[in-house]
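Structural features, examined
Residue strings, one per chain:
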Amino acid sequence: MNRKVLSGFFLLFLLFPGALIAQNESTDSLPADPHYREDQFYLGLSVNFLSQLPKGIDQSGFSGSAHFGFLRDMPVNNRRNVGFALGAGLSINTYNQNLKIDDTGTETSFSRLDNDDFNSNGFSTYIAEVPFQLRWRTSTQQKNKFWRIYLGFKAGYLFYFKSNFESGETSISVNSPNGLQRWRYSLTFSGGYSKVNFYLDYSLNNLFSDITMDAGSYPVQIQPIKAGLIFYIL
């Protein structure tokens with residue numbers, strides 16, 4: 001290898017670390033972006049728990065939820081780490097328990113099932129949602145991994161309901177039970193680091209209103225609670 005090539009490599013070796021340092025300094029010294037936002041798609045996976053169950057009604061098997069949508073970030077301070085968010089999404093929920101829902105065509109009846117009375121029993125809901133959040137985070141325009149705490153309120157409309165009962169050759173499905181409260185309201189919390197965060201959703205109103213089972217002995221209300229993980233994707 002001739003002397004000119006060796007000199008070229010030696011010069012490059014000397015200049016390369018300086019170039020890296022200059023590049024890092026340039027990146028770190030970037031001014032705050034006045035339009036920086038954390039607009040995000042989100043995907044949540046949760047386990048569903050039912051509270052306010054009538055006497056003798058218990059959950060059976062696994063009850064789960066998936067919810068997804070988009071949130072528009074609206075920072076309110078110069079650092080842009082505090083703000084609000086408003087979005088739209090969809091929630092799909094399943095609830096397995098021993099509350100039988102039957103429809104005679106004119107009214108809906110609710111009754112308790114014993115464990116040996118059915119093969120499967122439960123209901124599912126589909127809800128169009130509008131989430132609202134108060135947000136705090138440690139992010140910057142150069143920092144994509146950060147801590148966050150988001151407190152929220154969610155309003156939604158239950159546009160599809162279906163209960164399923166199966167026992168032997170008997171199968172019963174109900175889509176519009178009496179007393180179903182289609183407008184849904186809940187408080188939410190999500191917090192964690194980077195894209196994976198803990199999620200909690202506490203319903204503020206019951207699924208049913210003015211409904212009883214066993215000839216009026218017990219009110220049917222049912223208040224869902226969700227706990228799981230939520231993924232925020234820029």
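Residues numbered from 1 in each chain as written. Predicted model: local features only at pLDDT ≥ 70, side-chain atom pairs only at ≥ 80, totals over all residues. Heavy atoms only, no water.

**Let's talk about the environment of aspartate 116**
In this fold, aspartate 116 is placed in the loop between β5 (108–112) and β6 (120–137). Overall, the relative accessible area of 69% leaves aspartate 116 in the exposed class. Once the C-alpha coordinates of aspartate 116 and serine 167 are considered, the two residues, 51 residues apart in sequence, prove to be 9.1 Å apart. (Helix = DSSP H or I, 4+ residues; strand = E, 2+ residues; numbered from the N terminus. Buried < 20%, exposed > 50% of the residue type's maximum accessible area, 1.4 Å probe, protein only.)

**Some remarks on the pattern of salt bridges**
For side chains bearing opposite charge, pairing can occur when the charged atoms are close. Tallied over the entire structure, the rule returns 6 salt bridges. Two residues, arginine 72 and aspartate 39, come together in a salt bridge whose shortest N-O distance is 2.7 Å. In this pair, arginine 72 sits in strand β2 (residues 64–75) while aspartate 39 sits in the loop between α1 (3–28) and β1 (40–51), placing the two residues 33 residues apart along the sequence. The exposure class assigned to arginine 72 is partly exposed, which follows from its relative accessible area of 39%. Shared partners join several salt bridges into a network, and the residues in it are Asp73, Arg135 and Arg137. (Salt bridge = Lys/Arg side-chain N within 4 Å of Asp/Glu carboxyl O.)

**Description of the nonpolar core**
Residues Phe110, Phe208, Val220 and Ile222 are the most contacted members of the largest nonpolar core, which totals 22 residues. Contributions of two or more residues to this core are made by β4 (99–103), β6, β7 (147–167), β8 (170–174) and β11 (211–213). Looking at which element gives the most residues to this core, the answer is β7, with 3 residues. With 8 residues, the next largest nonpolar core counts Tyr42, Phe146, Tyr199 and Tyr232 among its residues. (Core = buried A, V, L, I, M, F, W, Y, C linked by side-chain atoms within 4.5 Å.)

**Quick notes on the pairing of strand β13 (residues 223–233)**
Sheet analysis places β1 next to β13, joined by 11 bridges and oriented antiparallel. From the neighbouring strand, tyrosine 42 faces β13, where its bridge partner is tyrosine 232. In this structure, strand β10 (residues 196–203) lies alongside β13, joined through 7 bridges in antiparallel fashion. Within the sheet, the bridge partner assigned to aspartate 201 lies in β13 and is lysine 226. (Pairing = 2+ DSSP bridges.)

**Considerations on empty space enclosed by the protein**
Taken as a whole, this structure holds 3 cavities of 30 Å³ or more when the rule is applied. Roughly 160 Å³ of internal volume is contained in the largest cavity. What lines the largest cavity is a set of 16 residues, and nearest its centre among them are Ile127, Arg184, Ser186, Asp201 and Lys226. Mapped onto the lining of the largest cavity, the elements with two or more residues apiece are β3 (82–96), β6, β7, β9 (183–193), β10 and β13. Of the volumes computed, that of the second largest cavity is approximately 70 Å³. Contributing to the lining of the second largest cavity are Tyr42, His67, Leu71, Pro131, Gln133, Lys154, Thr188, Tyr199, Ile230 and Tyr232. Of the residues that constitute the lining of the second largest cavity, the class distribution is 6 nonpolar, 3 polar and 1 charged. (1 Å grid on protein atoms, 1.4 Å probe; cavity = no way out; pocket = protein on both sides within 12 Å on 5 of 7 lines; lining within 4 Å. Points joined across faces, edges and corners; volume = space filled by probe spheres on them. Nonpolar A, V, L, I, M, F, W, Y, C, P; charged D, E, K, R; others polar.)

**So, unusual backbone geometry**
With a phi angle near 60°, glutamine 52 is a residue other than glycine that sits in the positive phi range. Mapped onto the secondary structure, glutamine 52 falls in the loop between β1 and β2. The phi dihedral of arginine 80 is positive, around 65°, even though this residue is not glycine. Residue classification places arginine 80 among the buried positions, given a relative accessible area of 12%.

**Thoughts on the confidence of the model for the chain**
Within the chain, residue pLDDT values average 84, and 85% of them lie at 70 or more. Confidence drops under a pLDDT of 50 for residues 8–31, and excluding neighbours within four residues, the segment shows 4 contacts in the predicted structure. (pLDDT = per-residue confidence, 0-100. Contact = heavy atoms within 4.5 Å.)

**Describing the packing of aromatic side chains**
In this structure the tally under the stated criterion is 13 aromatic pairs. Taking the centre distance of 5.8 Å and the plane angle of 20° together, the rings of phenylalanine 84 and phenylalanine 132 count as stacked. Of this pair, phenylalanine 84 sits in strand β3 while phenylalanine 132 sits in strand β6, and the two are 48 residues apart along the sequence. Grouped by ring-pair contacts, the aromatic residues Tyr95, Phe110, Phe123, Phe161 and Phe208 constitute a single cluster. For lysine 100, the ring lying beneath its charged end belongs to phenylalanine 165, and the centroid distance is 4.6 Å. One cation-aromatic arrangement involves arginine 135 over tyrosine 150; the distance from NZ or CZ to the ring centre is 4.2 Å. (Phe/Tyr/Trp six-rings, centres within 6.5 Å; stacked < 30°, edge-to-face > 60°. Lys NZ or Arg CZ within 6 Å of the ring centre and 35° of its normal.)

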